[in-house]
Every structure is written in C-alpha cells, then in structure tokens.
Amino acid sequence: AFALRRHSTEPWTLLRLINLGSLTPLAAGLISFLIDGKATILIAGSRGAGKTSLLGACLLEFPRSQRILTIEDTLELPVEKLQELDYKIQPMQIQSSLGGFGEMSANDALKIALRLGESALVIGEVRGEEAKTLYEAMRAGTAGSAVLGTFHSNSAEAVYERIVYDMSIPAKSFNATDVVIITNFIRPKGTHKMKRRTTQIAELDKASTEGTFHNLLEFDEKKDKLEETDVFHYSSQVIGRIAASWGMSMEEA
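Before going into details, it helps to say that this report is about the structure given with it.

Rules and cut-offs
Residues numbered from 1 in each chain as written. Predicted model: local features only at pLDDT ≥ 70, side-chain atom pairs only at ≥ 80, totals over all residues. Heavy atoms only, no water. Helix = DSSP H or I, 4+ residues; strand = E, 2+ residues; numbered from the N terminus. Buried < 20%, exposed > 50% of the residue type's maximum accessible area, 1.4 Å probe, protein only. Contact = heavy atoms within 4.5 Å. Salt bridge = Lys/Arg side-chain N within 4 Å of Asp/Glu carboxyl O. Pairing = 2+ DSSP bridges.

**Details of unusual backbone geometry**
Leave glycine aside and you will find that most residues have negative phi; peptide bonds, for their part, are mostly trans.
And then number 1: The phi dihedral of K38 falls on the positive side, at around 60°, and the residue is not glycine.
And then number 2: Its location among the elements puts K38 in the loop between α2 (25-36) and β1 (40-45).
And then number 3: Positive phi values are uncommon outside glycine, yet S168 reaches one of about 60°.

Below, the structure written as structure tokens:
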C-alpha cells in the first residue's frame, strides 16, 4: 500500500495561514513573539489538521542568524527553501518506527543536536523514548534556544495526559513546556466542508502540579476566529517572563 501526501510547492507562512482564515493576525503575532522569546511550543491536533504546515510557517519567524536543527523521520518541513533564503537550518533524518532510511534513532539524533549548543530544535513529531531525553534537556537548560515540535492530541490537556501518563514523563519535567497550540478541523454551521483552524493557544500554569492550562487565545465558533482572553491581556506567565527578560512591561509586550 502507498500513502501519498500532497504538500504545497511553496513554504507555508503565517501570512498565508491568516489569508486562509486558519489564524488571526493577533495569533500570528503572538506565535512570532513566543518564538523570538525562546519559548517551548508543542503544536498538536488530529492527523491532517495542519500541524506540520503551521510548524513549517513558524520556522520563518526565526532570525536568519539563528541556527535551526530539524529532526524528522519523514522529511516534510521546507528545509531546502529555507536554505535558499539563507536560513541556518540543518535537517537530520532519523529512522522511522515503521522502518526507513534514517541513519540514527530519534534519541541519538536528539542527543547529538543537544551537544551542538545554542540551536533551535524543531522536532517533526514528539513520540517514543526521545521525549524523555528532550524533557530532561529542557529542564537542564541544555536545549538552548526555542524548542518546537508536533504531537497528536486534540487539546492542551490531552497533550499533558499523553506525555505524562502514556509516555511516563514526570509532571515536573513536563513543566518545561511553555505553550500548546491546537490545530483542528471545524464544520461551520454543520456543513460537510471541513476547514482547518487553529483553535487554541494555551500556556501551562507553572505553579500547578496537575497540568493546568490557561487559554491565551480561544476559538469562537460563531465568529470563526480566535479571540483573546483576560489571561492574554493581564496575567500571562510566558508573555510576562519574555517581557521581563527584554526589560518591557506587559503592556509594551
């Protein structure tokens, strides 16, 4: 059997996703801000909902001076296009859990990437034993710059449950996660035409031991768009932390 996936001939950008209605300008600005602030971001959702497209768009938000390492078993991120645009991006193809042509396991590739120092890590899909290595590195601060990855789950809370309970990652280690972004399919007014939307941008409450999330932006079905919350405006931990590191107030951020 063959599974064929059609990809865009041009890299996805946050602007293209805005144009399609998948993102609002504010959501795109927030994502760019978080990447610039070296946040740890997991992009989750159901299969085919646009996780990898959004992850690829996020790559263009890194400064060209930033070294980026991508780890994938199936090469889907627009690495060659980014290299043509003078981004310092290096792909590492790993062995698939189904067999394949990667030179090393995901765990070995991740360990090598972590030894390279100040690099942004982009993981095509977080799963298996490499999740433990990744979270140990993030807790110890050896992951360097921003860390991005995709994950199969339909809500921020479900991401926590799968990583902590199914993958046996300690809850304290999961605290290295800053933000979870959810992409999903919606059916406007019950129509059968499915649309891809970013439906949740939530931050992890670092003071909680039970995987509590607070929405920064949440999806309004009637308006078919992401709307900001009071947490986004007044009490976001991750925005506040980045703002403080830049000598800014929350209002300026």
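Resuming the write-up.
**Topic: the environment of S145**
And then number 1: Following the sequence through the fold, S145 ends up in the loop between α6 (130-140) and β5 (147-152).
And then number 2: Residue class for S145 comes out buried when judged on its relative accessible area of 5%.
And then number 3: Apart from residues no more than four positions distant in its own chain, S145 is found in contact with K38, Q66, E118, S119 and A120.

**Brief notes about the pattern of salt bridges**
And then number 1: Considering all chains together, one arrives at five salt bridges under this definition.
And then number 2: The salt bridge involving R241 is made with D178; its shortest N-O contact spans 3.1 Å. Of the two residues, R241 sits in helix α10 (residues 237-245) while D178 sits in the loop between α8 (171-174) and β6 (179-186), which places them 63 residues apart along the sequence.
And then number 3: Classification of D178 by relative accessible area gives buried; the value is 6%.
And then number 4: By sharing partners, the salt bridges in this structure join D178, K206 and R241 into a single network.

**Section: the pairing of strand β2 (residues 67-72)**
And then number 1: Among the six residues that make up β2, five are buried, leaving the element largely enclosed by the rest of the structure.
And then number 2: Judged from the six bridges that link them, β2 and strand β3 (residues 88-93) form a sheet pairing that is parallel. For R67, the partnering residue across the bridge sits in β3 and is K88.
And then number 3: Examined bridge by bridge, β2 and strand β4 (residues 120-123) share four bridges and lie parallel to one another. Residue pairing for β4: I68 is matched across the bridge by A120.

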